Amino acid sequence: MAPPPSSWWGSEEQRGTPVVVKMDNPYSLVEIDGPGMPPSDKARGKNAKQFTWVLLLRAHRAVGCVAWLAGGFWGVLGAVNRRVRRSRDADDEPDAEASGRGRVMLRFLRAFLLLSLAMLAFETVAHLKGWQFPQHLMPGNLQELEEQLQHLPEHLRHLPENLRQLPDHLRVPERQEIQGWLHRAYVAWLEFRVDYIAWAIQKLSTFCILLFMVQSVDRIVQCLACFWIKIRGIKPRIPASAGGKPRGGTTGRKRVDDVENGDADDDRYFPMVLVQMPMCNEKEVYETSISHVCQMDWPRDRLLIQVLDDSDDEVCQMLIKAEVTKWSQRGVNVIYRHRLSRTGYKAGNLKSAMACDYVKDYEFVAIFDADFQPNPDFLKLTVPHFKENPELGLVQARWSFVNKDENLLTRLQNINLCFHFEVEQQVNGVYLNFFGFNGTAGVWRIKALEDSGGWMERTTVEDMDIAVRAHLNGWKFIFLNDVKVLCELPESYEAYRKQQHRWHSGPMQLFRLCIPTVFRSKIPFWKKANLVMLFFLLRKLVLPFYSFTLFCVILPLTMFVPEAELPIWVICYIPVLMSILNILPAPKSFPFIIPYLLFENTMSVTKFNAMVSGLFQLGSSYEWIVTKKAGRTSSASDILALAEADAHAHAPAPAAKLVRGVSEGGLQEWGRLREQEAAEWANKEDAAAALAAAAAPATPKKSSNKAKKPPNRIFKKELALACLLLTAATRSLLSKQGLHFYFLLFQGVTFLAVGLDLIGEQVS
């Protein structure tokens, strides 16, 4: 054991001088005798000087702390000012406030914020003057208390004299204080608050808590059903006659190999499949998607690929057409279709493509959006499920994301979508044979589309529309949780907010349109109840309503109206439990559970606004804006890893067979072709700048993405709610509500970060 530091120099060293400060008048210092302390008057003076220096040092530290806080506050103001300037200079699309979509909500939030600031100032003055009443002595309860005192003995009936004997913190103001106009206004506010506002808030909060509990029970039941599916290994299986695992115990691998080599006589293993790729002005992702689709492992004489281009950018049109021509020259049956007008958006594009005469020769249609990168064996893992199952109308695959770790926003989106696929769609597919079509990475039986009325242009959620109509006509759906298709998540909050607005306004618009058809349909009553109560109302309407109302309106109000207090379990325990359940399908995201909870409450503003817009047919309910893509591509290692995982899950085939044509050499070849195309177009001055931006290497570098990053924006509704919640957090300090303060503080900071567009910053 090492000796103490004091013995290293041969003598003990006394650190510091223990003193006792007597708070008398005048102040004095008294030493505590101890070893090694020279008892002299000179030492006593020295100790007093040291004490003075200690006080000066502490004062210096306090001044430094105040200066640091002031500097930090000034830095935040400077950052906000720069962000506002960059937001004004950005070339933005019309957003909610500019187009009038969110003006009503923004005005409501501004009025709510101004009222909250005025009430905070009023309550602060009342707190400093000691006007706070205990709960049982509020003005609304004083009359009842006086009536009860009439039954007491004579010497106990004098209410003012007895109240003056209460402790100071329960003091009732004196008569001269009550005569002041400010106090009279405060007492009138207390009476109005207790008689009218508190009652209304309590009723609304009770209703929201009831909806919250119903939705929580539904989520718990879904999680238990998903857990049961995992334990029992329940999942759709390919029939043995279509190349799946045979019932008799012998392997069916030989027949599958024969089919792959083209030796099988039965053409039902490879039915005619049409692949559709709708896209619009998506020059960042078109090449990768077309390349993956054109390399799918399926007989070429039984596969036709339609590239459905709605782009209004001539350069983008030429690039997509050149990519289609390249693969057509390699022997792939791929055609390019372009519409002159973008009528009906994606639904109109698909409807126009299905009207072609040659479509009648095909039995199934697979759909991929412009950023999806299917594996070569996608059709072999999905199409065989239709064999010997004539009632099956849709086979839906799961999404996987190439940029889920790009920034905090993509990590939080990954949590939400993993729960959507792993729990919601898998459970509904196993037990109900119904779920909402995701619009991509799925295979439809063309007969089911035609029987259900085809693609309609009446909503912005054409995928959900066709799924509901097919379900009402008796068609069944299958969800394949093991078949994954790579795609891209929005990396900016602006793109994500517009996507979520479309995803939450469209279902409410569809609900208005299809509710009469639901009740007239011939499906069983319990399916009608599930479609109306659970699929539409509970998961599309109730969730954004109670989330916004409870955590963004009622909770701040309860800080200014303490008579209507929300229980702790509503604010903390139940939301944390629901967040844990949501994050279970993505266990690597557990460190982000608190940001996920706060961000979901933040997104409730956009979802609530979109829900109201779709429900009441406001102007923005039929607004379609293509989600911006960054052009993230999967490397060869990503493709190999995903293909190997699918191979282990479905068949014992070698991994090399599943990634045919997707090697590093192929990626390099694509890069060289892109450089050649760029060199050809470089001679034309008009298209040179656009092609230079589009002719990046096959695997783009992060530095190029950072160079092209658009200026950040500010979002007014989120900033208004940030100020509102921080004001409510300040008010909670007067009531000494610790948990409410921390929740409001963190939620307000989250709204502030989102409002300043900091949530989509790159992760280093």
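Analysis parameters
Residues numbered from 1 in each chain as written. Predicted model: local features only at pLDDT ≥ 70, side-chain atom pairs only at ≥ 80, totals over all residues. Heavy atoms only, no water. UniProt positions renumbered as here; feature names shortened; annotations may be inferred. Helix = DSSP H or I, 4+ residues; strand = E, 2+ residues; numbered from the N terminus. Contact = heavy atoms within 4.5 Å. Areas by Shrake-Rupley, 256 points an atom, 1.4 Å probe, with all protein chains shown as cover. Patch = residues over 30% accessible without salt bridge, like charges linked within 9 Å, V, L, I, M, F, W, Y side chains within 5 Å. Salt bridge = Lys/Arg side-chain N within 4 Å of Asp/Glu carboxyl O. Buried < 20%, exposed > 50% of the residue type's maximum accessible area, 1.4 Å probe, protein only. Pairing = 2+ DSSP bridges. Axes fitted to C-alpha atoms, helices over the stretch in contact; angles between N-to-C directions. Parallel < 35°, antiparallel > 145°, perpendicular 65-115°, else oblique. Left-handed = near helix turned anticlockwise from the far one by under 90°. Nonpolar A, V, L, I, M, F, W, Y, C, P; charged D, E, K, R; others polar. Expected span 1.5 Å × (residues − 1). Polar contact = N/O pair within 3.5 Å; in protein donor to acceptor, adjacent residues only side chain to side chain. Core = buried A, V, L, I, M, F, W, Y, C linked by side-chain atoms within 4.5 Å. Phe/Tyr/Trp six-rings, centres within 6.5 Å; stacked < 30°, edge-to-face > 60°. Lys NZ or Arg CZ within 6 Å of the ring centre and 35° of its normal. Lys, Arg positive; Asp, Glu negative; His and termini not counted. Charge placed at Lys NZ, Arg CZ, Asp CG, Glu CD. pLDDT = per-residue confidence, 0-100.

The name given to the chain in an unreviewed UniProt entry is Xyloglucan glycosyltransferase 4, and the organism recorded there is Zea mays. The Sequence similarities (unreviewed entry) comment attached to the chain in UniProt states, word for word, "Belongs to the glycosyltransferase 2 family. Plant cellulose synthase-like C subfamily." Under the Function (unreviewed entry) heading, UniProt states for the chain: "Probable beta-1,4-glucan synthase rather involved in the synthesis of the xyloglucan backbone than cellulose. Seems to work simultaneously with xyloglucan 6-xylosyltransferase. Xyloglucan is a noncellulosic polysaccharides of plant cell wall and consists of a glucan backbone substituted by xylose, galactose and fucose."

Draft legend 1. Representation of the overall build of the chain within the structure. From N to C terminus, the chain includes 26 helices and nine strands. Pairs at least 24 apart in sequence give 80% of the contacts found in the chain among residues at least 6 apart. Counting every atom, the chain has about 39,100 Å² of accessible surface; 59% of that belongs to carbon and sulfur.

Draft legend 2. Layout of a nonpolar patch on the surface. A cluster of nonpolar side chains, contributed by I220, L224 and L577, occupies part of the molecular surface with about 250 Å² of accessible area. Note that L224 resides in helix α7 (residues 181-232).

Draft legend 3. Main features of the pairing of strand β6 (residues 364-367). Residues of β6 alternate between two faces, with F364 and A366 on one and V365 and I367 on the opposite face, all of them buried. Across four bridges, the pairing between strand β3 (residues 273-279) and β6 is parallel. When the sheet's bridge partners are listed, V273 is paired in β6 with F364. Bridging between β6 and strand β8 (residues 442-445) involves four bridges; their strand directions are antiparallel. Within β8, the residue paired with I367 across the bridge is G442.

Draft legend 4. Examining the UniProt feature "transmembrane region" (unreviewed entry) in the chain more closely. The UniProt entry lists residues 59-80, 108-128, 196-214, 541-560, 566-584 and 740-759 under the feature "transmembrane region" (unreviewed entry), expressed in the numbering used here. Note that residues 108-128 is 100% helix and 0% strand, and that its end C-alpha atoms are spaced 30 Å apart. Summarising residues 566-584: 84% helix, 0% strand, and an end-to-end C-alpha distance of 28 Å.

Draft legend 5. Structural context of the packing of helix α3 (residues 103-128) against helix α25 (residues 716-735). Axis separation between α3 and α25 bottoms out at 9 Å; the angle between their running directions is 20°. With respect to each other, α3 and α25 are oriented roughly parallel. In this structure, α3 crosses over α25, and the sense of that crossing is left-handed. Contact residues: M105, L106, L109, R110, F112, L113, S116, L117, L120, E123, T124 and H127 in α3; K716, K717, A720, L721, C723, L724, T727, T730, R731 and L734 in α25. For the contact of α3 with α25, the per-class residue count stands at 12 nonpolar, five polar and five charged.

Draft legend 6. How the structure looks around helix α13 (residues 408-431). The end-to-end C-alpha distance of α13 is 34 Å, a good match for the 34 Å that 24 residues give at a rise of 1.5 Å each. The buried fraction of α13 is high, at 19 of 24 residues. Two or three places before L409, at the opening of α13, N407 has a side-chain oxygen 3.1 Å from that residue's backbone nitrogen. Positive backbone phi, at 55°, marks N433, one or two positions downstream of α13.

Draft legend 7. Quick look at the packing of α7 against helix α17 (residues 525-560). Their axes nearest at 8 Å, the elements α7 and α17 cross at an angle of 145°. The handedness of the crossing between α7 and α17 comes out as left-handed. Residue composition of the contact of α7 with α17, by class: 19 nonpolar, five polar and four charged.

Draft legend 8. Structural context of the environment of V324. Among the secondary structure elements, V324 is positioned in helix α10 (residues 314-329). Sequence separation between V324 and I335 is 11 residues; the distance between their C-alpha atoms is 6.8 Å.

Draft legend 9. How the structure looks around the pattern of salt bridges. Applying the stated criterion across every chain, the model contains 21 salt bridges. Between D465 and R458 there is a salt bridge, with the nearest N and O atoms lying 2.9 Å from each other. Looking at D465, the relative accessible area reads 0%, which means it is buried. Here E718 makes a salt bridge to R497, at a shortest N to O gap of 3.9 Å. A residue pair is termed long-range when its members are at least 10 positions apart, and E718 in helix α25 and R497 in helix α16 (residues 493-520) qualify at 221 residues. Counted as one network, the salt bridges with shared partners bring together E123, R193, E563 and R731.

Draft legend 10. A look at helix α26 (residues 738-755). Over its 18 residues, α26 extends 26 Å from the first C-alpha to the last, a length consistent with the 26 Å expected when each residue adds 1.5 Å. Residues of α26 that are buried: H740, F741, F743, L744, Q747, G748, T750, F751, V754 and G755. Those residues of α26 hidden inside the fold are in contact with α16, α17, α18 (568-583), α19 (593-615) and α25. D757 sits one or two positions beyond α26 and adopts a positive phi of about 60°.

Draft legend 11. Highlighting the sheet that holds strand β5 (residues 334-338). Judged by pairing direction, the sheet is mixed, and its seven strands sit side by side in the order β5-β4-β3-β6-β8-β7-β9 without closing on themselves. Since the sheet does not close on itself, it has two edges, and those belong to β5 and β9 (476-487), each with one partner. Going across the sheet, the axis of each strand differs from the next one's by a mean of 20°, ignoring polarity.

Draft legend 12. Fine view of the nonpolar core. Among the nonpolar cores identified, the biggest contains 88 residues, and V275, I290, W444 and V468 are the most heavily contacted of them. With seven residues, the top contributor of residues to this core is β9. Beyond its immediate chain neighbours, meaning those up to four positions away, V468 contacts F434, L510, C514, L531, F535 and F536. L113, C226, C552 and F743 belong to the second largest nonpolar core, which has 61 residues in total.

Draft legend 13. View of the packing of aromatic side chains. A full pass over the atoms with the stated rule returns 26 aromatic pairs. With a centroid separation of 6.2 Å and 5° between ring planes, the pair formed by F421 and F479 is classed as stacked. One end of the pair, F421, is in helix α13; the other, F479, is in strand β9, with 58 residues separating them in the sequence. Given a relative accessible area of 4%, F479 falls into the buried group. The structure contains a cluster of three or more aromatic residues connected by ring pairs, namely F372, W399, F421, F434, F435, F437, W444, F477, F479, F511, F535 and F536. The side chain of R330 reaches across the aromatic face of W327, ending 4.6 Å from its centre. The ring of F535 has K540 lying over it, and the distance from NZ or CZ to the ring centre is 5.7 Å.

Draft legend 14. Highlighting a positive patch on the surface. Together, R103, R107, R110 and K716 make up a region of like positive charge exposed at the surface. Sort the elements by how many residues they give to the positive patch and α3 lands first, with three residues. Looking at where K716 falls in the secondary structure, it is placed in helix α25.

Draft legend 15. Geometry of the confidence of the model for the chain. This prediction gives the chain a mean pLDDT of 77; 69% of its residues lie at or above 70. With pLDDT under 50 throughout, residues 1-14 is counted as low confidence; its partners more than four residues away or in other chains account for six contacts. Confidence drops under pLDDT 50 across residues 90-99; counting only partners more than four residues distant or on other chains, this segment forms 22 contacts.

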